[in-house]
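An overview of the molecular structure
This is what each chain is made of:
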Amino acid sequence: MNKFKRFMKEEGVYLAIIIIMLLAFFVPFYAKDLPKGAENGFHYGRLLSLVRTLQQGIFPAKLRPMSMRGFGYGVGFFYPDFFLYPSAILVLLGMDIISALKFYVVVAAIIGAITTYKSLDKLIGDKRIALIADILYFGTFFLWENLYDGFGIGAFVAQAFLPMTMCGLSRALKDEKGGYIEYAIGIVVIVLSHHLSFISLMIALLMMVLINIKTIIKNPRILGKLFGVSMLGLFFTAQYWLPAIELAIHTKYTVIYDNYIDINDHILSLSEVIHSIAPVYFVLFILAAALFIYTMIRTRKVYMEGLTYLIVTVLHIVCMQSQAFWKGPIGQFFAFFQSTDRLTLVVMPLMIIFYGIAIKTFKDEILKKEDTPLIKSPVVFALVSIILIIATRLYIKPDFYNPGAYTRNTGLDITYLETAADYGISCGEWLPVECEPSECKEVGISRCDDGTSAEGFKHDDNKYYEAWVLLDKKYYDVPYVYYYGYRAYLIDDNGNPVKELSVGEAYDDNGYTRVFMPEDGEGVGHLMVTYRSTRIQKLSYIITLVTTLFIIFFVIYKRKKCS
């Protein structure tokens, strides 16, 4: 009880302000339907298909057989479902899909806002500056636009944890135990949330490490510990990346850079970069940089932590408008970014952290107020914070606080997977390169090598496909888009497998699943096709489980040792 009282005395005001900030942040969610976003349908269908796949007893739910109008879609291979399972469980217990999606986002935002504040506090050493930085971060236009205009919920979760991960690395470079933990947790969350955010983050973190290479050389244990926690993160996330690699080895899939968006046509100008960052935040960055440089000149000291964030932020801003870089070999390697605007994803947390460090350094070194807050009165500070919360939202959208000011997506219901005009897939991504979704029409028809067809049927929400086929044919292309793991059997009258058949991709037939008939086949056979978890998928979950148990036992051991 005393610990709780002490905690509330120290953190109560700050947590109350964070709650107010989050209440303001979620105003667009207060209506029943979602604000109309570019990816609403995809993520609605993604959760709905996860629920329906689990209802069929399929776990892990990498492939959703009912998606793409019954032709199957491997969304779970390329969009991690790890954090989506709690929402799926809530739906199974009776919650509607939209409420479950809001739950997913709200929980991520609450944890992200609190961890951002706490990690900034640990790094900077000033609760009030950390809280102001937290408010500014959750008031960025890019974060708001991603959630309410695009509804990119995976990217949003990643964004919510970017500051903690960056702060964690900064503290790890000082060999602080808590820094390694923040860094490891952040890396895991971002890997299991959004690919592009992870790649963007790793580039920024690599820059930070290289700038501080002298520190690492002096204390090589830092590098060893970072490698150790990174490997733990790698093993923990094996259930996601290992099956995806296995799949990519067996079949070539369309990916983000095949969506006809050329990076060379989307390199921003300086004015566009400023607009992407938001002019107010850019001006704050210039002012913070001026304060920081003035402090270094005045004190004749190099504050490496702040300098690191200043350099990495400036490099990203320059990179966003550099024609030479993006048209060169390195830039073309990263062409899957599609637009340099996407670097804003990491620029904003870098910039916000730099604000905090610059103000704290100036306050301590120039104003000589190391132990004195800039705003002494808690009441005045709370009022300033609330005004800032209100102002950042109004700056984004003048009618932000009016839930009725948002166009709503009212067409989402449980029939979505069967009626979606875009087949409920993500921009045509993650399908075999030979597949054209609009050509997937006859969900019950198989075609053999001579062009004749066999009419079959699917059941158990498209989990199984059955048809009577001629065994003297070379192969049948069955109506499932191919993903490695499909199995085909000849079955008896009781539905028991009699013989397993070879399966591959129909490269010349819309990327369907091709089932090869027995070489000596004759007569008619009862064919059944379904998807099964591969050995690699099962191994990946074992690796994740063993890693989880290791972490739990290690934490228990360390706690007992300390006590």
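My aim in this report is to walk through the structure given alongside it, one point at a time. (Residues numbered from 1 in each chain as written. Predicted model: local features only at pLDDT ≥ 70, side-chain atom pairs only at ≥ 80, totals over all residues. Heavy atoms only, no water.)

1. Side note on the pairing of strand β6 (residues 475-481)
The buried count for β6 comes to seven of seven residues, which makes it a mostly enclosed element. Sheet topology places β6 next to strand β10 (residues 512-516); five bridges connect them, and they run antiparallel. Across the sheet, tyrosine 475 pairs through a bridge with phenylalanine 516, a residue of β10. (Buried < 20%, exposed > 50% of the residue type's maximum accessible area, 1.4 Å probe, protein only. Helix = DSSP H or I, 4+ residues; strand = E, 2+ residues; numbered from the N terminus. Pairing = 2+ DSSP bridges.)

2. Focus: the packing of aromatic side chains
Counted under the stated rule, the structure contains 36 aromatic pairs. Here phenylalanine 78 and tyrosine 253 contribute two aromatic rings whose centre-to-centre distance is 5.8 Å and whose plane-to-plane angle is 55°, an arrangement assigned as tilted. Of this pair, phenylalanine 78 sits in helix α3 (residues 75-78) while tyrosine 253 sits in the loop between α13 (238-250) and α14 (270-277), and the two are 175 residues apart along the sequence. For tyrosine 253, a relative accessible area of 7% translates into the label buried. Aromatic side chains tyrosine 253 and tyrosine 483 sit 5.4 Å apart centroid to centroid with 15° between the ring planes, which places their arrangement in the stacked category. Pair noted here: tyrosine 253 is in the loop between α13 and α14 and tyrosine 483 is in the loop between β6 and β7 (486-491), with a separation of 230 residues, a long-range link. (Phe/Tyr/Trp six-rings, centres within 6.5 Å; stacked < 30°, edge-to-face > 60°.)

3. Points about the nonpolar core
Residues Leu47, Ile277, Tyr309 and Phe354 are the most contacted members of the largest nonpolar core, which totals 132 residues. Per-element tally for this core: the top contributor is helix α5 (residues 97-124), with 13 residues. Residues contacting isoleucine 277, with those up to four places away along its chain left out, are Phe282, Ile317, Thr344, Val347, Met348 and Met351. Membership of the second largest hydrophobic core comes to 40 residues, among which are Phe42, Trp430, Leu490 and Val529. (Core = buried A, V, L, I, M, F, W, Y, C linked by side-chain atoms within 4.5 Å. Contact = heavy atoms within 4.5 Å.)

4. Things to note about a nonpolar patch on the surface
On the surface, a nonpolar cluster with roughly 420 Å² of combined accessible area is contributed by Met95, Phe103, Val107, Ile110, Ile111 and Ile114. You can call isoleucine 111 partly exposed: its relative accessible area is 40%. (Patch = residues over 30% accessible without salt bridge, like charges linked within 9 Å, V, L, I, M, F, W, Y side chains within 5 Å. Areas by Shrake-Rupley, 256 points an atom, 1.4 Å probe, with all protein chains shown as cover. Salt bridge = Lys/Arg side-chain N within 4 Å of Asp/Glu carboxyl O.)

5. Quick word on the packing of helix α8 (residues 153-172) against helix α10 (residues 195-211)
One way to put it is that α8 packs onto α10 with a least axis distance of 11 Å and a crossing angle of 15°. One finds that α8 runs roughly parallel with respect to α10. Remark: the crossing between α8 and α10 carries right-handed chirality. In contact with Ala155, Ala158, Leu162, Thr165, Met166, Leu169 and Ser170 of α8, α10 contributes Ser197, Leu201, Leu205, Met208 and Val209. Per-class residue counts for the contact of α8 with α10 are nine nonpolar, three polar and no charged. (Axes fitted to C-alpha atoms, helices over the stretch in contact; angles between N-to-C directions. Parallel < 35°, antiparallel > 145°, perpendicular 65-115°, else oblique. Left-handed = near helix turned anticlockwise from the far one by under 90°. Nonpolar A, V, L, I, M, F, W, Y, C, P; charged D, E, K, R; others polar.)

6. Regarding a positive patch on the surface
A cluster of basic side chains, namely Lys177, Lys558, Arg559 and Lys561, defines a positive patch on the protein surface. Of all the elements, helix α22 (residues 535-562) adds the most residues to the positive patch, at three residues. Structurally, arginine 559 is set in helix α22. Arginine 559 gets classed as exposed once you look at its relative accessible area, which sits at 63%. (Lys, Arg positive; Asp, Glu negative; His and termini not counted. Charge placed at Lys NZ, Arg CZ, Asp CG, Glu CD.)

7. A closer look at helix α20 (residues 378-396)
Relative to the 27 Å expected for 19 residues at 1.5 Å per residue, α20 spans 27 Å between its end C-alpha atoms, a close match to the ideal helical length. Residues of α20 that are buried in the fold lie against α1 (2-25), α6 (127-137), α7 (141-149) and α15 (279-299). (Expected span 1.5 Å × (residues − 1).)

8. Description of the pairing of strand β8 (residues 497-501)
Where β7 meets β8, four bridges bridge the pair, whose relative direction is antiparallel. Along β8, the bridge assignment pairs isoleucine 491 with proline 497. If you look at the hairpin formed by β7 and β8, you'll find five residues sitting between the two strands, and glycine 495 has a positive phi there, around 85°.

9. Overview of the sheet that holds strand β5 (residues 464-470)
Spatial strand order, β8-β7-β11-β5-β4-β3-β6-β10-β9: nine strands in an open sheet with antiparallel pairing. One side of each edge strand has no neighbouring strand; the edge strands of this open sheet are β8 and β9 (503-506). The mean inter-strand angle of the sheet, taken between neighbouring strand axes irrespective of direction, is 35°. Here seven bridges tie β5 to strand β11 (residues 524-531), and the two strands are oriented antiparallel to one another. If you follow tyrosine 465 over to β11, its bridge partner there is valine 529.

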